[in-house]
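Listed below, chain by chain, are the residues.
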Amino acid sequence: MSSSSFYITLFLFSLFLLSINGQDLIYDTCKTSSQQDPNVKLQFCTTSLQAAPASHCANLKGLGMMSIRLTRYNVTDTRCYIKQLLKNNTKKLDPYVKSCLDDCFELYSDAISGIKQAMESYNSKRFFDANVQISSVMDATTTCEDGFKQKKGIVSPLTKRNDATFQLSAIALSIMNIVQSSA
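Residues numbered from 1 in each chain as written. Predicted model: local features only at pLDDT ≥ 70, side-chain atom pairs only at ≥ 80, totals over all residues. Heavy atoms only, no water.

Asker: Before we go on, may I ask you to explain the packing of helix 5 (residues 127-149) against helix 6 (residues 159-182) in this structure?
Answerer: The packing of two helices is summarised by the inter-axis angle and the distance between the axes. The contact between helix 5 and helix 6 brings their axes to 9 Å, and the two run at 160°. In terms of their interaxial angle, helix 5 and helix 6 are classed as roughly antiparallel. Note on packing geometry: the crossing formed by helix 5 with helix 6 is left-handed. Residue-level contacts link Phe127, Ala130, Asn131, Ile134, Ser135, Val137, Met138, Thr141, Thr142, Cys144 and Glu145 of helix 5 to Thr159, Asn162, Thr165, Phe166, Ser169, Ala170, Ala172, Leu173, Met176, Asn177, Val179 and Gln180 of helix 6. Per-class residue counts for the contact of helix 5 with helix 6 are 12 nonpolar, 10 polar and one charged. (Axes fitted to C-alpha atoms, helices over the stretch in contact; angles between N-to-C directions. Helix = DSSP H or I, 4+ residues; strand = E, 2+ residues; numbered from the N terminus. Parallel < 35°, antiparallel > 145°, perpendicular 65-115°, else oblique. Left-handed = near helix turned anticlockwise from the far one by under 90°. Contact = heavy atoms within 4.5 Å. Nonpolar A, V, L, I, M, F, W, Y, C, P; charged D, E, K, R; others polar.)

Asker: Can you help me understand the pattern of salt bridges in this one?
Answerer: When their charged atoms lie close together, side chains carrying opposite charge are able to pair. Within the structure shown, the criterion is met by three salt bridges. Between Arg161 and Asp77 there is a salt bridge; the shortest N-O distance is 2.9 Å. Taken as a pair, Arg161 in helix 6 and Asp77 in helix 3 (residues 60-88) lie far apart in primary sequence, 84 residues in all. In this structure, Asp129 engages Arg126 in a salt bridge whose closest nitrogen and oxygen atoms are separated by 3.2 Å. Judged by its relative accessible area of 32%, Asp129 is partly exposed. (Salt bridge = Lys/Arg side-chain N within 4 Å of Asp/Glu carboxyl O. Buried < 20%, exposed > 50% of the residue type's maximum accessible area, 1.4 Å probe, protein only.)

Asker: What is the right way to read the packing of aromatic side chains from this model?
Answerer: Tallied over the entire structure, the rule returns one aromatic pair. On the numbers, 5.7 Å between centres and 70° between planes, the contact of Tyr122 with Phe127 is edge-to-face. Phe127 matches Tyr122 in its accessibility class, with the two residues each being buried. It is Arg161 that lies over the ring of Tyr81; its NZ or CZ is 3.9 Å from the centre. (Phe/Tyr/Trp six-rings, centres within 6.5 Å; stacked < 30°, edge-to-face > 60°. Lys NZ or Arg CZ within 6 Å of the ring centre and 35° of its normal.)

Asker: Explain the nonpolar core to me, please; I cannot follow it from the model alone.
Answerer: Nonpolar side chains in soluble globular proteins generally cluster together in the buried interior. With 47 residues, the main nonpolar core has Ile82, Leu101, Tyr122, Ile134, Phe148 and Leu158 as its most contacted residues. Contributions of two or more residues to this core are made by helix 1 (3-36), helix 2 (42-51), helix 3, helix 4 (95-123), helix 5 and helix 6. With 12 residues, helix 4 is the largest single contributor of residues to this core. Aside from chain neighbours lying at most four places away, what touches Tyr122 is Leu60, Lys61, Gly64, Met65, Ile68, Phe127, Ala130, Met176 and Val179. (Core = buried A, V, L, I, M, F, W, Y, C linked by side-chain atoms within 4.5 Å.)

Asker: Whenever I open this one, the packing of helix 3 against helix 6 confuses me. Can you help?
Answerer: One way to put it is that helix 3 packs onto helix 6 with a least axis distance of 9 Å and a crossing angle of 160°. By the angle between their directions, the pair helix 3 and helix 6 is classed as roughly antiparallel. Seen from above, helix 3 lies across helix 6 with left-handed handedness. Considered class by class, the residues forming the contact of helix 3 with helix 6 number 13 nonpolar, eight polar and three charged.

Asker: Would you mind going over the environment of Ser33 with me for this structure?
Answerer: Among the secondary structure elements, Ser33 is positioned in helix 1. Since its relative accessible area comes to 0%, Ser33 is described here as buried. Spatially, the C-alpha atom of Ser33 lies 9.5 Å from that of Ala172, the residues being 139 residues apart in sequence. Beyond its immediate chain neighbours, meaning those up to four positions away, Ser33 contacts Val40, Ser174, Ile175 and Ile178.

Asker: Explain the state of the cysteines here, please?
Answerer: By definition, a disulfide links the sulfur atoms of two cysteines through a covalent bond. For the coordinates displayed, the defined rule picks out two disulfides. Disulfide partner of Cys30: Cys45, at an S-S distance of 2.1 Å. On the sign convention where negative is left-handed, the bridge of Cys30 and Cys45, at about -75° about the S-S bond, is left-handed. Of this pair, Cys30 sits in helix 1 while Cys45 sits in helix 2; the two residues are 15 residues apart in sequence, bridging distant segments of the chain. (Disulfide = S-S within 2.5 Å.)

Asker: Mind showing me how you'd approach helix 5 here?
Answerer: A turn of α-helix holds 3.6 residues, and therefore any two residues three or four places apart point the same way. Under the 1.5 Å per step criterion, the end-to-end length of helix 5 is 33 Å for 23 residues, consistent within 8% with the ideal 33 Å. What helix 5 keeps buried is the set Phe127, Ala130, Gln133, Ile134, Val137, Met138, Ala140, Thr141, Cys144, Glu145, Gly147 and Phe148. Buried residues along helix 5 sit in contact with helix 3, helix 4 and helix 6. (Expected span 1.5 Å × (residues − 1).)

Next up, the structure:
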């Protein structure tokens, strides 16, 4: 075995070990989170964090930022989805559903600025502020979903998206609490 192939093998083995350690951190973090918070589902947490780029190389603080980023992407995508529903179905929408979607659009618009502030607060280790800002995102999803439940027979077209945003926010809060307690 030449020295160059030895180094290549050593390098690949090191990358493999880093990947295993990253998966362990994700699983352990999600397991702890799901045990401490009933809003965090272990499978959803591990799947979400494993899908994030570079999550396998991240430390705990990095996973916290990734969870906030995932929430931001979800909030942004949901706002865009609501906008498309309103734009493409204007004449077909029940007036009550349209009103609910308008409310949700506003809630998600506000949530985008809140999650951006949460990222800044988290990076600055202002965990209390980040907690409040992420909690407001959770409140927005619940308020959005509850609007559809006010009228009997109305089904929310956003249930899955609201649930995903709520869970991602819960994951972010949970990881932030772990980061805080380990600091």
